[in-house]
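Here's the letter readout for the chains.
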Amino acid sequence: MKLVERFSKPPNSQTRKTQESSPHPQVMIEDAGLIWVSLLIMAIGNSFHRMGPSFERSRFGFPLMLLGLTCLILFPEDLADRESELHTSILRSIALIVPFSIGAILILHYSPTYGESRTTGLVSGWLLVVISWFILYSDKSAISLSGTARGMLVLLGVFVSLVVVIIGTYLFENSSGLKHESEPLSNEEEGLVRTILERHLGGDEHGN
Amino acid sequence: MSMGIEFSEALLLVSGGSLLFSFFALVHFASTYNQHNRSLAILSTILIGSAALYSATISTGHGPLTSLEDALATAIIGILELLTIFLAVITTVLFRISLLTKRSVAASS
């Protein structure tokens, strides 16, 4: 639903629950689509972010991820059963993951193994982890055998795809003749590479 | 199938996992495009995605778009069901790092 429509809606208007009962089904489709668009924006942001600082577009990665997450949390309202279940599941997970992640970062930062050991940081980290476990256990439907089995089947699909893509890529690239060796550097290129290395490493022509 | 999961649901879950992988892989290929990349991984990703979409349509009996939506939603919910296990593993690792290990790791060059 567009923001303008949402804010201009009278406060006593009834919320539509299903597509069948809605006089304007396209309104609900927009909200359902918003979930997928938000996930798409987050995925694009993650890919941009993973490219690293050598690429100009990498600086848009984190803002895009935040934008996608914000859209995902704030905007979807009137959803069909499937999208509503997905949205609830994602929100519940975010409520769990955020304190857990902050706690884990604090623990790693203040643990004696990796960072500067500090008891207050360590305790506050563990407190956040315990809070996230408390949130998890307060939700009775969080753990179930059938849910775990469903998750395992999804992981099976992901791993099968990964293996197929690796094998497929290997076969494609072996048969397509793209595995040519690169041409050796010309004298001019060699000089350029040497100059760059010397400038960065501070060595001279004799390798000192 | 055991634990109350029917075959069609299991098929939808596995194809949902494949579609989820294909979705993220294709988004990644498109987002990280550069003209010097000559990898053919995108072809096998499209192939596995198409096969997964076909099995999802068989499983749901709906059209491709509805099946795609159903399969992806089911897969994401299924992955989130495993969150408890992931958190348990990470908590165990954090416990070992912070409370059982006293040795500090020196910076490597």
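Because the structure is predicted, anything quoted here is derived from the model rather than measured. (Residues numbered from 1 in each chain as written. Chains lettered and ligands numbered in written order. Predicted model: local features only at pLDDT ≥ 70, side-chain atom pairs only at ≥ 80, totals over all residues.)

(A) Structural detail: the overall build of chain A. The secondary structure content of chain A amounts to 7 helices and 0 strands. The helix and strand sequence of chain A, counted from the amino end, reads α-α-α-α-α-α-α. Split into buried and exposed, the 208 residues of chain A put 22% on the buried side. Contacts in chain A between residues far apart in sequence, at least 24 positions, make up 49% of those at least 6 positions apart. (Helix = DSSP H or I, 4+ residues; strand = E, 2+ residues; numbered from the N terminus. Buried ≥ 20, exposed ≤ 12 C-beta atoms within 10 Å, placed from the backbone. Contact = placed C-beta atoms within 7 Å.)

(B) Structural detail: the interface of chain A and chain B. Opposite the 50 residues of chain A that make contact, chain B presents 52 residues. Counting only elements with at least two residues in the side of chain A that touches chain B, the list comes to α2 (25-50), α4 (81-110), α5 (119-138) and α6 (145-175) of chain A. Split into classes, the residues belonging to the side of chain A that touches chain B amount to 31 nonpolar, 14 polar and 5 charged. (Nonpolar A, V, L, I, M, F, W, Y, C, P; charged D, E, K, R; others polar.)

(C) Local environment of helix α4 (residues 83-100) of chain B. For α4(B), spanning 18 residues, the distance from its first C-alpha to its last is 24 Å, which sits close to the expected 26 Å at 1.5 Å a residue. Every buried residue belonging to α4(B) is among Leu83(B), Thr84(B) and Ser98(B), and all of these are buried. Projected down its long axis, α4(B) shows its buried positions confined to an angular sector of 80°, all on one face. Projecting away from the buried face of α4(B) at angles above 90 degrees are the exposed residues Val89(B), Thr92(B), Arg96(B) and Leu100(B). Among the structural elements, α4 and α5 of chain A together with α3 (64-81) of chain B are those in contact with the buried residues of α4(B). (Expected span 1.5 Å × (residues − 1). Arc of directions from axis to C-beta.)

(D) A look at the nonpolar core. Leu19(B), Leu20(B), Ala71(B), Leu72(B), Ala75(B) and Ile76(B) are the most contacted members of the largest nonpolar core, which totals 48 residues. If near-sequence neighbours (up to four positions away) are discounted, Ala71(B) is found in contact with Leu12(B), Ser15(B), Gly16(B), Leu19(B) and Ala56(B). (Core = buried A, V, L, I, M, F, W, Y, C linked by C-beta atoms within 7 Å.)

(E) Quick peek at the environment of Asp78(A). All names here are of chain A. Position of Asp78 among the secondary structure elements: in the loop between α3 (61-74) and α4. Since 21 C-beta atoms lie within 10 Å of it, Asp78 is described here as buried. C-alpha separation for the pair Asp78 and Ala32, spaced 46 residues apart in sequence, amounts to 7.9 Å.

(F) Region of the structure containing the packing of helix α2 (residues 41-60) of chain B against α3(B). All names here are of chain B. Between α2 and α3, the shortest axis-to-axis distance is 9 Å and the interhelical angle comes to 95°. One way to sum up the angle between α2 and α3 is to call them roughly perpendicular. Side by side, α2 and α3 meet where Leu53, Ala56, Thr57 and Thr60 of the first sit next to Pro64, Thr66, Ser67, Leu68, Asp70 and Ala71 of the second. Classifying every residue of the contact of α2 with α3 by side-chain character gives 5 nonpolar, 4 polar and 1 charged. (Axes fitted to C-alpha atoms, helices over the stretch in contact; angles between N-to-C directions. Parallel < 35°, antiparallel > 145°, perpendicular 65-115°, else oblique.)

(G) View of the confidence of the model for chain B. All names here are of chain B. Summarising the model, chain B shows a mean pLDDT of 84, and 89% of its residues fall at 70 or more. Ranking the helices and strands of chain B by mean pLDDT puts helix α1 (residues 7-31) first, with 91, and α4 last, with 88. Reported confidences for the modelled complex are a pTM of 0.73 and an ipTM of 0.84. (pLDDT = per-residue confidence, 0-100.)

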